[in-house]
Amino acid sequence: MTAPPTARSLAGGIAAAGIGALAWGTLVEPRLFALRRYTVPVLPAGSLPVRVLQVSDIHMVPGQRAKAEWIRDLASLEPDLVVNTGDNLSHLQAVPVALDALGPLLERPGVFVMGSNDYYAPTPKNPARYLTKDYAKVVAERVHLPTDELREGMTSRGWIDLDNARTSLDVGGQRLDLVGVDDPHIGRDDYASVSGPASAGTTTIGVAHAPYQRVLDAMTGDGARLVIAGHTHGGQLCVPGVGALVTNCDLDRKRAKGVSRWWPGAGTSAPAPQDPAWLHVSAGLGASRYAPVRFACRPEATLMTLVSEELNR
């Protein structure tokens, strides 16, 4: 028995749509790099604007020339500060490629934290697992990446390592306190070792690769006015009109990318204070080489213009 023509047509249409979506998500959208721009009111009254460029989750693989050139061109924005939130690598031989892509940005003041894919090479996984909690599980045997080579390549050019560390910088005519942690996704964060209340009259910015609630709560509880993170890939596979289906951490899906507000307990039932801190999560510029797919979630870098808090009143 043959199916009615209408059923065959429907099946064919569904198959064609599926093939088209797969082609778009693997061949087109992963190369549609976007620059997001936000204005974030976190500086003391009377401060001049400070331009902060966030680069995250570039997951470099040798041969990715278009992505490397796009990253290099970001230097033309002339940011006052570059914040790299980790996962620079996706291949054992990717360190020289990643450093070359970041090269012009390394001439600017910068800070960085590491992500799990700066420590361990990605492994083949069933792509369907991305939509389950099993995707985040760590495999028993992991191939170590040349992390020290990557770290040396950035620090030797002047960028500051914020893995469980803090520093103060004068950028754009403004003093900023920055505090960071190593990747919470693999349990390398030790915020307690660098915790401390924010200084009056100075803006504190927290930096982490993965935006786990324990880190966000601790940083904003100490008075950080802005926390910058990556890791989520913005959901990577999103539904138009719905957004991210997963975040690959305990952050809620509505904060999978972009700017939102955060305060201690924001992920539970704690009421918001009068003026909560700001959170920015980047959707990043790449993906694991074993899951190089993006759908309704373009790869991105972000230019944040920090301005006086009085502009938010």
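Residues numbered from 1 in each chain as written. Predicted model: local features only at pLDDT ≥ 70, side-chain atom pairs only at ≥ 80, totals over all residues. Heavy atoms only, no water.

Q: Sorry, what's going on with the overall build of the protein here?
A: Secondary structure summary: the protein contains six helices and 14 strands in total. Taken over 313 residues, the protein has a buried fraction of 50%. Restricting the contact set of the protein to residue pairs at least 6 apart, pairs at least 24 apart contribute 76%. (Helix = DSSP H or I, 4+ residues; strand = E, 2+ residues; numbered from the N terminus. Buried < 20%, exposed > 50% of the residue type's maximum accessible area, 1.4 Å probe, protein only. Contact = heavy atoms within 4.5 Å.)

Q: Where do I start with the sheet that holds strand 1 (residues 34–43) in this structure?
A: Pairing in this open sheet of six strands is mixed, and the strands run 1-14-2-3-4-5 from one edge to the other. With partners counted over all chains shown, the strands left at the sheet margins are strand 1 and strand 5 (160–161), one partner each. (Pairing = 2+ DSSP bridges.)

Q: How do you make sense of the layout of surface pockets when you look at a structure like this?
A: Over the atoms, a rolling probe the size of a water molecule traces out where space has been left empty. In this structure, the second largest pocket spans a volume of roughly 320 Å³. In terms of lining residues, the second largest pocket is bounded by 18 residues, among which Pro 30, Arg 31, Gln 64, Lys 67 and Pro 292 are the most central. Sort the elements by how many residues they give to the lining of the second largest pocket and helix 2 (residues 65–73) lands first, with three residues. When the residues that make up the lining of the second largest pocket are grouped by side-chain class, the tally is eight nonpolar, five polar and five charged. (1 Å grid on protein atoms, 1.4 Å probe; cavity = no way out; pocket = protein on both sides within 12 Å on 5 of 7 lines; lining within 4 Å. Points joined across faces, edges and corners; volume = space filled by probe spheres on them. Nonpolar A, V, L, I, M, F, W, Y, C, P; charged D, E, K, R; others polar.)

Q: How do you make sense of the sheet that holds strand 6 (residues 165–171) when you look at a structure like this?
A: Strand pairs in the sheet, formed through backbone hydrogen bonds, run parallel or antiparallel to each other. The strand order across the open sheet built from six strands is 6-7-8-9-13-12, with neighbouring strands paired in mixed fashion. On the outer flanks of this sheet lie strand 6 and strand 12 (258–262), each paired with one strand and no other. Pairs of neighbouring strands in the sheet enclose a mean axial angle of 25°, with direction left out of account. Pairing of strand 6 with strand 7 (residues 174–180), which is carried by seven bridges, proceeds in the antiparallel orientation. Its bridge partner lying in strand 7, Ser 168 is registered against Asp 177. Running at roughly 65° to strand 12, helix 6 (residues 213–221) makes contact with strand 7, strand 8 (203–207), strand 9 (226–229), strand 12 and strand 13 (277–281) of the sheet. (Axes fitted to C-alpha atoms, helices over the stretch in contact; angles between N-to-C directions.)

Q: What is the right way to read helix 3 (residues 95–102) from this model?
A: In an α-helix, one turn spans 3.6 residues; hence positions three or four apart end up facing the same way. Turning to helix 3, its buried residues number three or more, namely Val 95, Ala 98, Leu 99, Ala 101 and Leu 102. Seen end-on, helix 3 carries its buried residues on one side only, within an arc spanning 160°. Tucked inside the fold, the buried residues of helix 3 contact strand 2 (50–55), helix 2, strand 3 (81–84) and helix 5 (147–155). (Arc of directions from axis to C-beta.)

Q: I would appreciate a short explanation of the packing of helix 3 against helix 5 in the present structure.
A: When two helices pack together, you describe them by how their axes are tilted relative to each other and by the distance separating the axes. Where helix 3 meets helix 5, the closest approach of the two axes is 10 Å, and the angle between their N-to-C directions is 20°. Taken together, helix 3 and helix 5 sit at an angle that is classed as roughly parallel. Relative to helix 5, the crossing made by helix 3 is right-handed. Note on element contacts: helix 5 touches helix 3 through Glu 149, Leu 150, Gly 153 and Met 154, opposite Val 95, Pro 96, Leu 99 and Leu 102. (Parallel < 35°, antiparallel > 145°, perpendicular 65-115°, else oblique. Left-handed = near helix turned anticlockwise from the far one by under 90°.)

Q: Please clarify how the nonpolar core should be interpreted in this entry.
A: Generally speaking, nonpolar side chains in soluble globular proteins are found buried as a group. Within the largest apolar cluster, 32 residues are counted, with the highest numbers of intra-cluster contacts made by Val 55, Ile 71, Leu 102, Leu 105, Met 154 and Trp 159. Those elements that place two or more of their residues in this core are strand 2, helix 2, helix 3, helix 5 and strand 14 (300–308). A per-element tally of this core places helix 3 first, with five residues. Among all residues touching Leu 105, those that are not within four sequence positions of it are Leu 53, Val 55, Ile 71, Leu 74, Ala 75, Val 82 and Trp 159. Ranked by size, the runner-up nonpolar core spans 21 residues in total, among them Val 50, Val 111, Val 171 and Leu 226. (Core = buried A, V, L, I, M, F, W, Y, C linked by side-chain atoms within 4.5 Å.)

Q: I keep staring at the pattern of salt bridges and nothing clicks. Help me out?
A: If the charged atoms of two oppositely charged side chains come close together, the side chains can form a pair. Taken as a whole and assessed by the stated rule, the structure comprises 12 salt bridges. A salt bridge links Arg 225 to Asp 275; the shortest N-O distance between them is 3.0 Å. You can see Arg 225 sitting in the loop between helix 6 and strand 9 and its partner Asp 275 sitting in the loop between strand 12 and strand 13, a full 50 residues away along the chain. Judged by relative accessible area, Asp 275 falls into the partly exposed class, the value being 39%. (Salt bridge = Lys/Arg side-chain N within 4 Å of Asp/Glu carboxyl O.)

Q: I keep staring at the packing of helix 2 against helix 3 and nothing clicks. Help me out?
A: Following both chains from N to C, one finds helix 2 and helix 3 inclined at 35°, their axes separated by 7 Å at the closest point. Taking contact as the criterion, the partners of Ala 68, Ile 71 and Arg 72 in helix 2 are, on helix 3, Asp 100, Ala 101 and Leu 102. Classifying every residue of the contact of helix 2 with helix 3 by side-chain character gives four nonpolar, no polar and two charged.

Q: I would appreciate a short explanation of the side chain of Asn 84 in the present structure.
A: Tracing the backbone through its elements, the reader meets Asn 84 in strand 3. With relative accessibility at 0%, the residue Asn 84 sits in the buried group. Separated by 2.9 Å, the side chains of Asn 84 and Asn 88 make a polar contact. With near-sequence residues (within four places) excluded, Asn 84 lies in contact with Val 55, Leu 102, Val 111, Phe 112, Val 113, Met 154 and Trp 159. (Polar contact = N/O pair within 3.5 Å; in protein donor to acceptor, adjacent residues only side chain to side chain.)

Fair warning: the whole summary comes from geometry, so function is off the table for now.
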